[in-house]
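Descriptive analysis of the structure
Residue-level listing of the chains:
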Amino acid sequence: VGDWGRNGHFQQKAVAEQMDNLMYWLDGEFILSTGDNFYPDGVASVNDPYLQSSYEDIYSGPHLFEPWYLVLGNHDYRGNVQAQIDYSRVSQRWNMPARYYSKRMQLNDSNDTLLLIFLDTSPFEDKYQTEVQYHPVRSQNSQQQLDWFEQQLKGADDRWIIVIGHHPMYSSGKRYGKTDSVRRKLEPLMEKYQVNAYFAGHEHDLQHNQPQGTTVHHFISGAGSAVRHVKPREFTQFAKATAGVTAVSLRQNSMLIQMVSAEGQVLYNKDIAHPVKK
């Protein structure tokens with residue numbers, strides 16, 4: 001789920017209820033956030049009431065108390081980023097140990113593993129280097145993060161590698177044609193090291209984009225509250241401006257993607273076979 005933190009407004013509550021249903025029916029093990037966790041200006045501290053009213057009170061269903069792993073979005077950078085990191089020590093389910101980090105998990109049906117890599121993509125967005133509202137981004141060393149990212153990928157022998165960030169590299173929505181700066185920095189490494197999928201938010205909709213000649217599947221799940229218009233493009237496999245979430249079911253040889261609306265309708269499903277690595 002992404003782009004959700006709106007104090008329950010728009011369709012955030014309805015999406016949260018559907019998430020609880022999905023976690024029950026799919027026996028979900030954890031929840032991923034693709035960023036923009038709090039609108040419009042992040043949070044001020046670990047005691048900010050918004051953490052209660054926009055997170056704890058909204059995602060209160062009995063099946064939503066599995067671990068959450070989160071990344072930062074641009075709106076989170078308008079507030080106190082460190083407070084979201086520090087909240088990991090306050091909440092048992094909130095996990096954001098650093099601005100970027102990784103997590104390795106074992107697959108249930110085999111001895112194989114899944115590597116999740118969580119990126120802080122705001123420093124890769126060129127325009128944030130000059131926009132006043134994003135001045136905290138400028139203190140981040142993007143090359144240092146890229147070096148870390150490559151080291152994570154270079155040493156990985158995991159069955160599946162999934163990367164999570166806020167900014168998409170391809171979009172069929174509002175930012176079509178405006179994702180070059182992030183794509184230029186991240187896509188070469190993902191293609192080189194055969195990442196299986198990249199999940200982003202930022203666009204307030206649900207998308208699956210698969211550009212010709214690429215191997216990484218690009219998903220956008222940023223429909224956690226408000227939504228925006230989308231339009232099919234040359235790389236669009238699916239795009240819909242409907243509030244909802246994406247459910248991912250991993251097995252040794254396949255990854256099932258289901259994009260589900262706030263009303264519980266499966267809008268799109270894609271069963272991706274594990275590729276034969278080069």
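To be clear, the structure that these remarks concern was listed above.
This write-up is about the structure you can find in this document. (Residues numbered from 1 in each chain as written. Predicted model: local features only at pLDDT ≥ 70, side-chain atom pairs only at ≥ 80, totals over all residues. Heavy atoms only, no water.)

1. Section: the sheet that holds strand β11 (residues 244-250)
- A sheet is described by the order of its strands in space; here three strands give the open sequence β11-β12-β13, paired in antiparallel fashion. The open sheet has two free edges, formed respectively by β11 and β13 (266-273), since each of these has just one partner strand. Averaged over all pairs of adjacent strands, the angle between their axes in this sheet comes to 15°, without regard to strand direction.
- Bridge count for strand β12 (residues 254-261) against β13 is seven bridges, and the pairing is antiparallel. Pairing of V260 across the sheet is with V266, part of β13.
- Of the strands in this sheet, β11 and β12 are in contact with helix α1 (residues 12-25), which crosses β11 at around 20°. (Pairing = 2+ DSSP bridges. Helix = DSSP H or I, 4+ residues; strand = E, 2+ residues; numbered from the N terminus. Axes fitted to C-alpha atoms, helices over the stretch in contact; angles between N-to-C directions. Contact = heavy atoms within 4.5 Å.)

2. Re the nonpolar core
- In this structure, W4, M19, Y59 and W68 are the most contacted members of the largest nonpolar core, which totals 56 residues.
- At five residues, the largest contribution of residues to this core is made by α1.
- Beyond its immediate sequence surroundings of up to four residues, M19 is in contact with V1, I31, Y59, L64, W68 and V245.
- Counting 22 residues, the second largest nonpolar core, distinct from the first, contains I117, F124, L146 and L186. (Core = buried A, V, L, I, M, F, W, Y, C linked by side-chain atoms within 4.5 Å. Buried < 20%, exposed > 50% of the residue type's maximum accessible area, 1.4 Å probe, protein only.)

3. A look at the pattern of salt bridges
- All chains considered together, the criterion is met by ten salt bridges.
- Of the charged contacts in the structure, one is a salt bridge between D126 and R184, with a shortest N-O distance of 3.0 Å. Of this pair, D126 sits in the loop between β5 (113-118) and α4 (142-154) while R184 is found in helix α5 (residues 180-192), placing the two residues 58 residues apart along the sequence.
- Residues D180 and R183 are paired through a salt bridge, measuring 2.7 Å at the closest nitrogen-oxygen approach. Here the residue D180 and the residue R183 both occupy positions in helix α5, the gap between them amounting to three residues, near one helical turn. (Salt bridge = Lys/Arg side-chain N within 4 Å of Asp/Glu carboxyl O.)

4. Some thoughts on the pairing of strand β6 (residues 160-164)
- Most of β6 is tucked away, with five of its five residues classed as buried.
- In β6, alternate side chains face the same way, and those of W160, I162 and I164 on one face and I161 and V163 on the other are all buried.
- One ladder, built from five bridges, connects β5 with β6; its direction is parallel. Note that in β6 the partner of F118 across the bridge is I164.
- Crossover handedness for the path β6 to α5 to strand β7 (residues 197-200): right-handed. (Right-handed = clockwise from strand over helix to strand, strands pointing away.)

5. Observations regarding the side chain of Q12
- Its place among the elements puts Q12 in helix α1.
- Classification of Q12 as buried rests on a relative accessible area of 0%.
- Polar contacts involving the side chain of Q12 include one to the main-chain amide nitrogen of N7, which spans 3.2 Å.
- Reaching out from Q12, the side chain makes a polar contact with the backbone oxygen of S54 at a distance of 3.0 Å. (Polar contact = N/O pair within 3.5 Å; in protein donor to acceptor, adjacent residues only side chain to side chain.)

6. Considering the environment of V216
- Looking at where V216 falls in the secondary structure, it is placed in the loop between β8 (206-209) and β9 (217-221).
- A relative accessible area of 1% means that V216 is categorised as buried.
- Sequence separation between V216 and E187 is 29 residues, and the spatial gap between their C-alpha atoms is 8.6 Å.

7. Examining the sheet that holds β8
- Taken in spatial order, the seven strands make up an open sheet running β4-β5-β6-β7-β9-β8-β10, and their pairing is mixed. Two strands close off the open sheet at either side, each with one partner strand: β4 (101-106) and β10 (236-240). Averaged over neighbouring strand pairs, the angle between their axes works out to 15° when direction is ignored.
- In this structure, β7 lies alongside β9, joined through four bridges in parallel fashion. Bridging across to β9, A200 finds its partner in I220.
- Contacting β4, β5 and β6, α4 crosses the sheet at an angle of about 175° to β5.

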